Structures are given as structure tokens and as C-alpha cells.
Amino acid sequence: MRVVAAVITQNGRILACRRAPGRAAAGKWEFPGGKVDPDESPEAALAREIQEELGVEVEIGALLHRASTLVGNTVIDLSCFQAWPTGELPHRSTDHDELRWVPVNELRALDWAEPDIPAVEALSAG
Ligand code: 9L3
Ligand code: MG
């Protein structure tokens, strides 16, 4: 499954989102995003997902990390892109029960969803 996520940065902090109860991996932290639709570019999918989930516009930058992780019997092929809010900052989410702005050196303290862990390790290493 092709999935994209946004490493949204603001004032040196990165937005971490906790998956809401009742969802896959509920209670785990992730970079927000979702599935790429057929015939959709990863960047277009990510801008759409962020608008749908967080209600804000983001500018998408470089691909920071891509890794495939087996979760149950599904391979999650997760691409994490740099992103910056172009207007309002996100305050609420349709898919998460907590949003937190985290300094990069504190990212590892959160309980991340398995597919996001390689990206968190790479970001933490600089
Ligand atoms: N997923 C993992 N890490 C992420 C994202 C955005 C998504 N940073 C996983 C959770 C689901 C699948 O990818 O198993 C699809 O994501 P969503 O559509 O539930 O957000
Ligand atoms: Mg999502």
C-alpha cells in the first residue's frame, strides 16, 4: 500500500499526530497523511490528505525518507515529505485525538506507529 506523510515543520518543531481510538494503530503517533489514490502523484495525494484530515494547506518539499514495513499482512510503503503550512496552523484532525509540536531532538520519546519509526530515526540522526 502506497502511503504518504507530511513532516510539517514550524519554528523548529515538527507536527506529530496521535491516531484516534477505533482506527488502525490507535494511540500511536504518526506523521499525518494517507493512501495515494490510483493515478495520483504522491505530492498531490499528500496535499489532499492534509487538507482532508487537518483542514489546512501545506507546501510540499523534498522526499525525506521512504521505507516499506510489514504490518500484519500489509506492506506499508511510506514516503515522508517535508511540508510547511502556508496559512493557518493545524489545530484539529478528523483522524487524530492529539496534535503536538515536537522539537526534533524529542521525537524519539513518542510511541510511533511502526511504519514511521525509520523516518523518525533518520530525522533524529540529523
Ligand atoms: N500509516 C502509517 N504511518 C503514517 C500514515 C499517514 C499512515 N504516517 C498507515 C496507517 C494505515 C495506512 O498507513 O494502516 C493508511 O493510512 P490512513 O489512510 O489510515 O491514514
Ligand atoms: Mg491518514
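Residues numbered from 1 in each chain as written. Chains lettered and ligands numbered in written order. Predicted model: local features only at pLDDT ≥ 70, side-chain atom pairs only at ≥ 80, totals over all residues. Heavy atoms only, no water.

- As annotated in an unreviewed UniProt entry, the chain carries the name 8-oxo-dGTP diphosphatase and comes from Lysobacter korlensis.
- Quoted verbatim from the Sequence similarities (unreviewed entry) heading of the UniProt record, the comment on the chain is "Belongs to the Nudix hydrolase family." (UniProt positions renumbered as here; feature names shortened; annotations may be inferred.)

## Some details on the overall build of the chain
In step 1: Looking only at helices and strands, the chain has 2 helices and 7 strands in total.
In step 2: Reading the chain from its N end, one meets helices and strands in the order β-β-β-β-α-β-β-β-α.
In step 3: Here the C-alpha radius of gyration of the chain, 13 Å, is about what a compact globule of 126 residues would show, namely 14 Å.
In step 4: For the chain, the spread of C-alpha atoms along the three principal axes comes to 40 × 35 × 30 Å.
In step 5: When the 126 residues of the chain are sorted by exposure, 42% land in the buried category.
In step 6: Across the chain, the fraction of contacts at a sequence separation of at least 24, relative to all contacts at a separation of at least 6, is 64%.
In step 7: Only carbon and sulfur atoms are counted for the fraction: they give 48% of the accessible area of the chain, which is about 6600 Å².
In step 8: Taken together, the 12 basic and 20 acidic charged side chains of the chain have centroids lying 5 Å from each other. (Helix = DSSP H or I, 4+ residues; strand = E, 2+ residues; numbered from the N terminus. Rg over C-alpha atoms; globule rule 2.2 N^0.38 Å. Buried < 20%, exposed > 50% of the residue type's maximum accessible area, 1.4 Å probe, protein only. Contact = heavy atoms within 4.5 Å. Areas by Shrake-Rupley, 256 points an atom, 1.4 Å probe, with all protein chains shown as cover. Lys, Arg positive; Asp, Glu negative; His and termini not counted. Charge placed at Lys NZ, Arg CZ, Asp CG, Glu CD.)

## Regarding the environment of Ala 122
In step 1: By secondary structure assignment, the location of Ala 122 is in helix H2 (residues 117-125).
In step 2: A C-alpha to C-alpha distance of 7.7 Å links Ala 122 and His 65, two positions 57 residues apart in sequence.

## Thoughts on the UniProt feature "domain: Nudix hydrolase" (unreviewed entry) in the chain
In step 1: Here the UniProt-annotated "domain: Nudix hydrolase" (unreviewed entry) positions come out as residues 1-124.
In step 2: End-to-end, the C-alpha atoms of residues 1-124 are 25 Å apart, and along that stretch the chain is 17% helix and 44% strand.

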